[in-house]
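Chain residues, written in single-letter form:
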Amino acid sequence: MPQMAQAAVPTAGLPTPIPGGFHLFGNFYHIFTPPAVKTASADPNAITDFKGVVALADMTGQGKDGAGTTFDFGADMRIYKGVFADSTGHHHDGAFAFV
Amino acid sequence: VGLDDPAHQLHDFNPGINRFPSGLFWIKAIRPDQARVADDQTASLHVDDMDVEDYHDLINALLDGHEQDASVSFDVRWSDATSAFNSSTSDFAFEGVQTAATIEWSGHNASGFTFHSNPASTSKSSFAIVGRERNGVFR
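This write-up is about the structure you can find in this document. Keep in mind it's a predicted model, so treat the numbers as computed, not measured.

1. Let's talk about the environment of B:Ile17
- Relative to the helices and strands, B:Ile17 is located in strand E2 (residues 17-18).
- Counting along the chain gives eleven residues from B:Ile17 to B:Lys28, while the straight-line C-alpha distance between them is 9.8 Å.

Structure representation (structure tokens):
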């Protein structure tokens, strides 16, 4: 997916989305996929104005539903834990899960 | 988290986009003790009963289509660092390591669908990293 930049929606007290991301279905989404992150030129974060620890895992596996039927699954899971500045410039400690 | 493959996907559990479509993408605040990163090389993420939505497939999720209330619990572990992984642009700088990762999770939706993954040891990671990052005003 093409890497682009577009203004994000600012919200006081909350983190601000990264400026980058991808354009699809006429919308701009402020996130990069794991394959894009793997190129080492795309931000693994969903939050900008952030400093802290980040973890990302792109995983697959199997499991069962309540009837015992087996399904494959995929999961992109991430941690963002540290300090972020909101749209007013105030700094906050925060921990977030990307699910 | 979602049930693959994309062409035949039945469920897609995520928190949604806060202020669709340009807002925060699929993230949810958690308690600090639910995410642990040790020595910048290992990490864990454990959450029970997180309220999310079941969008049923990725395209519907990206279009903010019909969803059902749902809940997921998950335990993700990052370990076994293999190599350095550094990335940067003018917007961000990440310095860390590439690792292996495992997940065990369960979920259910308002229609009564339930799912429980096999044990974490049976899951596989195609790409996983742990590290420190600065971006935006902290870059």
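2. Comments concerning the packing of aromatic side chains
- This model, assessed by the stated rule, comprises 13 aromatic pairs over all chains.
- Their ring planes at 80° and their centres at 6.0 Å tell us that A:Tyr29 and B:Phe25 sit as a pair that is edge-to-face. With A:Tyr29 in strand E4 (residues 27-29) and B:Phe25 in strand E3 (residues 24-25), this pair bridges two chains. Each member of the pair, A:Tyr29 together with B:Phe25, is buried.
- Both rings, one in A:Phe73 and one in B:Phe115, keep their centres 6.1 Å apart while their planes meet at 75°; by these two values the pair is edge-to-face. In this pair, A:Phe73 sits in strand E7 (residues 70-85) while B:Phe115 sits in strand E9 (residues 114-117), so the two residues belong to two different chains. Pair check on accessibility: A:Phe73 and B:Phe115 agree, each one buried.
- Chaining the aromatic ring pairs together yields one cluster made of A:Phe22, A:Tyr29, A:Phe98, B:Phe25 and B:Trp26.
- Here the guanidinium or amino end of A:Arg78 rests over the ring plane of A:Phe98, the centre of that ring lying 4.5 Å away.

3. Comments concerning a nonpolar patch on the surface
- Taken together, A:Phe25, B:Ile59 and B:Leu63 make up a surface patch of nonpolar side chains, about 280 Å² in accessible area.
- Here A:Phe25 is to be found in the loop between strand E3 (20-24) and E4.

4. Side note on the interface of chain B and chain A
- With 73 residues of chain B in contact, the opposing surface of chain A contributes 67 residues.
- With both chains or domains summed, chain B and chain A bury close to 5,400 Å², and 66% of this area falls on carbon and sulfur atoms.
- Taken as a group, B:Phe127, B:Glu133 and B:Phe138 account for 12% of the area that chain B buries against chain A, more than any other trio of residues on that side.
- Summed over the shared surface of chain B and chain A, the number is 22 residue pairs in polar contact (both at pLDDT 80 or more).
- Per-element accounting of the side of chain B that touches chain A gives the leading share, twelve residues, to strand E10 (residues 124-135) of chain B.
- Of the residues belonging to the side of chain B that touches chain A, the class tally is 40 nonpolar, 22 polar and eleven charged.
- Note: strand E6 (residues 50-65) of chain A against E10(B), ten bridges, orientation antiparallel. Residue pairing across strands places A:Gly52 opposite B:Glu133, the latter belonging to E10(B).

5. With respect to the pattern of salt bridges
- Summed over all chains, the structure comprises four salt bridges over all chains.
- A:Arg78 is the salt-bridge partner of A:Asp76, the closest N and O atoms lying 2.9 Å from each other. Take A:Asp76 and A:Arg78: they sit in the same class, and that class is buried.
- Between B:Arg132 and B:Asp40 there is a salt bridge, with its nearest N and O atoms 3.0 Å apart. Pair noted here: B:Arg132 is in strand E10 and B:Asp40 is in the loop between strand E5 (35-38) and strand E6 (42-54), with a separation of 92 residues, a long-range link.

6. Thoughts on a negative patch on the surface
Residue and element names in this part refer to chain B.
- Residues Asp-48, Asp-49, Asp-51, Asp-64, Glu-67 and Asp-69 make up a contiguous surface patch of negative charge.
- Here the negative patch takes three residues from E6, the largest share from any one element.
- Positionally, Glu-67 belongs in the loop between helix H1 (58-62) and strand E7 (68-88).
- Glu-67 sits in the partly exposed class, given a relative accessible area of 32%.

Calculation notes
- Within any chain, residue numbers begin from 1 and follow the written order of that chain's sequence.
- Labels are handed out in written order, letters beginning with A for the chains and numbers beginning with 1 for the ligands.
- Given that this is a predicted model, residues contribute local features only at a pLDDT of at least 70 and side-chain atom pairs are listed and counted only at 80 or more, while totals for whole chains, interfaces and linings are drawn from all residues.
- Hydrogens and water molecules were not included; the side-chain quantities draw on all heavy atoms of the structure.
- Only DSSP runs of H or I covering at least 4 residues are called helices, and only runs of E covering at least 2 are called strands; the numbering of each starts at the N terminus.
- Each pair of aromatic rings taken from Phe, Tyr and Trp, with Trp reduced to its six-membered ring, is defined by centres within 6.5 Å and is described as stacked if the planes are under 30 degrees apart, edge-to-face if over 60, and tilted in the remaining cases.
- Partly exposed residues are those whose accessible area sits between 20% and 50% of the maximum for their type, while under 20% is buried and over 50% is exposed, using a 1.4 Å probe and protein chains only.
- A positively charged side chain is recorded as over a ring if its NZ (Lys) or CZ (Arg) lies within 6 Å of the ring centre. The angle to the ring normal must also be within 35 degrees.
- For patch building, the residue pool is restricted to those with more than 30% relative accessible area and no salt bridge; the joining distance is 9 Å between like charges and 5 Å between nonpolar side chains (Val, Leu, Ile, Met, Phe, Trp, Tyr).
- Note that accessible areas follow from Shrake-Rupley with a 1.4 Å probe, and for residues the cover is restricted to the protein chains shown.
- By salt bridge we mean one thing: a side-chain nitrogen of Lys or Arg within 4 Å of a carboxyl oxygen of Asp or Glu.
- Throughout, a contact is declared for two residues whenever any of their heavy atoms are within 4.5 Å.
- Joining two parts hides part of their accessible area as seen by a 1.4 Å probe, and the buried area is that hidden amount summed over both.
- Side-chain atoms alone can form a polar contact between residues adjacent in sequence; in general such a contact is a pair of N or O atoms within 3.5 Å, and within protein one must be able to donate a hydrogen while the other accepts it.
- Classification convention: Asp, Glu, Lys, Arg as charged; Ala, Val, Leu, Ile, Met, Phe, Trp, Tyr, Cys, Pro as nonpolar; all other residues, Gly among them, as polar.
- Think of it this way: DSSP has to see at least two bridges between two strands before they count as a pair.
- Neither His nor the chain ends is counted toward charge; the positive residues are Lys and Arg and the negative residues Asp and Glu.
- The atoms used to mark charge sites are NZ of Lys, CZ of Arg, CG of Asp and CD of Glu.

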